[in-house]
Amino acid sequence: MKEIILNGGPHEHVNIYSTLEDLNPIFEERKHMKVILVNGSPHEHGCTYTALKEMCPIFEAHGIESEIFWIGNKPISGCIACGGCKKTGRCVINDSVNLFLDKAAEADGFIFGSPVHYAAISGALSSFMDRAFYGKNSLFADKPAAGVVSCRRGGASAAFDEINKYFTINNMPVVASQYWNQVHGTTPEEVLQDLEGMQTMRTLAQNMSWLLKCIEAGDKAGVQRPQREPKTPTNFIRK
Ligand SMILES: Cc1cc2nc3c(=O)[nH]c(=O)nc-3n(C[C@H](O)[C@H](O)[C@H](O)COP(=O)(O)O)c2cc1C
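Every value quoted in this text rests on a predicted model; they were computed, and no experiment measured them.

Some thoughts on the overall build of the protein chain
Argument step 1. Helix and strand counts for the protein chain come out as 10 helices and 5 strands.
Argument step 2. Per-residue burial over the protein chain gives 36% buried out of 239 residues.

Description of the site of the ligand
Argument step 1. Residues in contact with the ligand amount to 18 residues; listed here are only the nearest, S41, G46, T48, P115 and C151.
Argument step 2. At the level of secondary structure, the elements contributing two or more residues to the shell around the ligand comprise α2 (47-53) and β4 (145-151).
Argument step 3. In the shell around the ligand, the residues fall into 6 nonpolar, 10 polar and 2 charged.

Things to note about the sheet that holds strand β2 (residues 64-70)
Argument step 1. What the 5 strands build is an open sheet, ordered β2-β1-β3-β4-β5; its pairing is parallel. Edge positions in the sheet fall to β2 and β5 (182-184), since each of these pairs with one other strand and no more. In this sheet, neighbouring strand axes are inclined to one another by 15° on average, regardless of whether the strands run parallel or antiparallel.
Argument step 2. Against the sheet, helix α10 (residues 195-220) makes contact with β1 (33-39), β2, β3 (109-115), β4 and β5, and its axis sits at roughly 160° relative to β5, the strand it touches most.

Looking at the confidence of the model for the protein chain
Argument step 1. Residue-level pLDDT values for the protein chain average 89, and 87% of them are 70 or greater.
Argument step 2. Confidence over residues 1-30 falls short of pLDDT 50; this stretch has 35 contacts with residues more than four positions distant or in other chains.

Topic: α10
Residues three or four positions apart in an α-helix share a direction because the helix packs 3.6 residues into each turn.
Argument step 1. When the terminal C-alpha atoms of α10 are compared, their 38 Å separation across 26 residues agrees well with the 38 Å that a helix rising 1.5 Å per residue should span.
Argument step 2. For α10, the complete set of buried residues consists of G197, M198, T200, M201, L204, A205, M208, S209 and L212.

Brief notes about the pairing of β3
Argument step 1. Taking burial as the measure, the 7 residues of β3 include 7 buried ones, the bulk of the element.
Argument step 2. Of the two faces of β3, the one holding G109, I111, G113 and P115 and the one holding F110, F112 and S114 are both buried throughout.
Argument step 3. Strand direction decides the pairing type here: β1 and β3, joined by 5 bridges, are parallel. By the bridge assignment for β3, L37 is matched with I111.
Argument step 4. Taken together, the 6 bridges between β3 and β4 define a ladder with parallel strand orientation. Paired with I111 across the two strands is A146, which belongs to β4.

Structural notes on helix α8 (residues 156-168)
Argument step 1. Compared with the 18 Å implied by 1.5 Å per residue over 13 residues, the 19 Å span of α8 between its first and last C-alpha is a close match.
Argument step 2. For α8, every residue scored as buried is listed here: A156, A159, F160, I163, Y166 and F167. Burial along α8 is one-sided: seen end-on, the buried residues are contained in an arc of 110°. Set apart from the buried face of α8 by more than 90 degrees, the exposed residues are K165 and T168.
Argument step 3. Against the buried residues of α8 lie β3, α6 (123-133), β4 and β5.

Conventions and cut-offs
Just so you know, the residues in each chain are numbered from 1, in the order the chain's sequence is written. Two thresholds apply to this predicted model, a pLDDT of at least 70 for residue-level local features and 80 or more for giving and counting side-chain atom pairs, whereas whole-chain, interface and lining totals are computed over all residues. Segments assigned H or I by DSSP are reported as helices when at least four residues long, segments assigned E as strands when at least two residues long, and all are numbered from the N terminus. Using C-beta atoms placed from the backbone, we call a residue buried if 20 or more other C-beta atoms fall within 10 Å of its own, exposed if 12 or fewer do, and partly exposed for counts in between. For each residue, a C-beta atom is positioned from the backbone; the residue is called near a molecule or strand if that atom sits within 6 Å of it. Any residue that is not Ala, Val, Leu, Ile, Met, Phe, Trp, Tyr, Cys, Pro, Asp, Glu, Lys or Arg is counted as polar, Gly included; the first ten are nonpolar and the last four charged. Any two strands between which DSSP finds at least two bridges are classified as paired. To get an axis, a line is fitted to the C-alpha atoms, and for a helix only the part in contact is used. The angle between two axes follows their N-to-C directions and goes from 0 to 180 degrees. Contacts here follow a simple rule: the backbone-placed C-beta atoms of the two residues must lie within 7 Å. What pLDDT expresses is the predictor's confidence in each residue, scored from 0 to 100. How far a helix is expected to stretch is found by multiplying one less than its residue total by 1.5 Å. By arc we mean the arc of the directions from the helix axis to the C-beta atoms, nothing more.

Next up, the structure:
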């Protein structure tokens, strides 16, 4: 009987699934799908990281590769609206956004995590996501995504809504969990005590894994991806 260890969590020794085969009857040693988990906190191993990390063993158990991508703690410029990315697919400001874009092309799903700063996502992640997403619909379309937020006390759902806006303007299926994807704490140790929050993370990873496999199975069965019309940009200015 194999035991799945949930790294670093309060359930470290809880045997939730008796075997990998129980978890996924058609489990195979394959890692051809990948989820990138973006940590939008200035703390590399803080609360947001703790929430994201809880999901990685679940992806692993499903044979899905996962990578936590930290945006760093250096200033991240906002979008300067030059339109350069529409020509090259990269940002003219060469920082962690371009590193992420290189990886994003190979990813099948995304989780974006942020600490709550004044009932919003971190300023750095806001700038990062503006520049990562602008003009790059084809890089993200059809790829499942979810937001995760970490707060001390309040503002989580406002920040959560903010992250989801990037997905729903880019044809990305939004993955849900059993609650809005939030944990509470000012330190990783406190986050680990938010048992419901941590469970919400594990459920999110289960749901994301399931949807990724459904999409893969659909592709293999010949289910056509959505056929989309050319965009009709309509600005609300009339002469
Ligand atoms: C500038 C700033 C603003 C914050 N604003 C809020 C807030 O509005 N609501 C809240 O509950 N916590 C707030 N916090 C606390 C953090 O969101 C919380 O401790 C979070 O879990 C830290 O995550 P991290 O370790 O990944 O950075 C704020 C922290 C900072 C630095």
